[in-house]
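This is what each chain is made of:
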Amino acid sequence: MMSNTNDNFIKYNLDYNESEGIIYCSEKMKAIISMVDEIAKTDATVLLTGETGVGKEVIARLIHRKSLRREKRFVVINCAAIPEHLIESELFGHEKGAFTGASYRRIGKFEQGQGGTVFLDEIGELPLKMQVKFLRVLQERQFERVGSSNSINLDVRIIVATNKDLLEESLKGNFRDDLYYRVNVIKIEIPSLRERKEDIIALSNAFLKEFSSYYGKSLKKIDLEAMHILLNYHWKGNVRELKNVIERSVILVKKNEELLTIDHLPYEIKKNLSFPELREKTGMTLREYEKLLIIYTLYDAEGNKSKAADILGIRRQTLYNKMKEYGIDM
């Protein structure tokens, strides 16, 4: 579980939800959290989209935690992980003797989630045959266990997630049009880390503190050069990959070392990146570049504005003006 990480670090609009492990400071994530606050009050079906590892399940759990259903269960169904011949039984359950090997009654995921929230991850992997049955459940709010003709009324909130473009998949015939429009009541697109680079600083510091404590290390911070590398990297696996990299790096740090440096980062993260390549690699505008440079420098100066101004070669008042202009708060 994540905790506040502003000890000895720059606090750049660092908002976080400790119980859900949500750490962010970017405007894009602030907008998403604000949307979650509104939609959580309803039972509307939610479609979460975004690349692998951006935190779709984390947002789904936050919606549940903020909803009136929070005292009931949050049930996760990974549609990509269930064999096609078992998925109907997994979702709806089955009666004893419904098929060969059904030696007892099984309660399915939907029934387990009664009164709460059911989260279907990788909904784009749901077989077409099951898409028809899932659509009926969404429309009629009823289902039957396999081998039974008795309908069970369904009282759950449905949240689905995918890293695919479901509209494109529907055009290809891989996803039903009617189901797409049924699940796309409220859509939240979660941006990649490449689109919210400020969050890399907050997340990296949080993971550093977590794993430093877990592995009994004395780490205080990530040095500036290493942070530049983390900010530059493509992060195909997004938050999940970043967390893995920080854990691997912390493991390589000696117990008495207080600084995580570029030497501790995995080779594949740092092999082709350096600070002078920042603008070329990220395609940032001059304003975006200047804003991040100020954040990096304040971070490196541990929040000391006079020291940061000296490093940047500007007056302290100029630094204050720039911080106000870019909304940098600490």
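Use the structure listed above.
Quick caveat: nothing in here was measured; it's all calculated off a predicted structure.

Here the focus is the overall build of the protein chain. On a plain count of helices and strands, the protein chain comes out with 15 helices and 13 strands. Per-residue burial over the protein chain gives 50% buried out of 330 residues. A separation of at least 24 residues holds for 71% of the contacts in the protein chain among residues at least 6 apart in sequence. When the accessible surface of the protein chain is summed, it comes to about 16,200 Å², and 47% of that surface belongs to carbon and sulfur atoms.

Right, let's get into the packing of aromatic side chains. Tallying each qualifying case throughout the model produces nine aromatic pairs. Grouped by ring-pair contacts, the aromatic residues Phe92, Phe110, Phe134 and Phe143 constitute a single cluster.

Let us now look at the side chain of lysine 217. Inspection of the secondary structure assignment puts lysine 217 in the loop between helix H8 (198–214) and strand E12 (221–222). Put simply, lysine 217 is tucked away with no salt bridge, and the nearest opposite charge, on glutamate 257, sits 7.3 Å away. Residue contacts for lysine 217: discarding those within four places in its chain leaves Ser212, Val250, Ile251, Leu252, Val253, Lys254 and Lys255.

Right, let's talk about the environment of glutamate 225 for a bit. Considering the arrangement of structural elements, one finds glutamate 225 in helix H9 (residues 224–232). Each C-alpha atom of the pair glutamate 225 and threonine 261 lies 7.3 Å from the other, and the pair is 36 residues apart in sequence.

This paragraph deals with the side chain of lysine 56. Relative to the elements of secondary structure, lysine 56 occurs in helix H2 (residues 56–65). Although lysine 56 is buried, it makes no salt bridge; glutamate 122 carries the closest opposite charge, 5.3 Å away. Among the polar contacts listed, one links the side chain of lysine 56 to the backbone oxygen of glycine 50, at a separation of 3.0 Å. Excluding residues that lie within four positions of it along the chain, lysine 56 makes contacts with Leu48, Thr49, Gly50, Glu51, Phe119, Asp121, Ala161, Thr162, Asn163 and Ile190.

Thresholds applied
- Residues numbered from 1 in each chain as written.
- Predicted model: local features only at pLDDT ≥ 70, side-chain atom pairs only at ≥ 80, totals over all residues.
- Heavy atoms only, no water.
- Helix = DSSP H or I, 4+ residues; strand = E, 2+ residues; numbered from the N terminus.
- Buried < 20%, exposed > 50% of the residue type's maximum accessible area, 1.4 Å probe, protein only.
- Contact = heavy atoms within 4.5 Å.
- Areas by Shrake-Rupley, 256 points an atom, 1.4 Å probe, with all protein chains shown as cover.
- Phe/Tyr/Trp six-rings, centres within 6.5 Å; stacked < 30°, edge-to-face > 60°.
- Lys, Arg positive; Asp, Glu negative; His and termini not counted.
- Salt bridge = Lys/Arg side-chain N within 4 Å of Asp/Glu carboxyl O.
- Polar contact = N/O pair within 3.5 Å; in protein donor to acceptor, adjacent residues only side chain to side chain.

Functional significance is not addressed by these values, which are geometric in nature.
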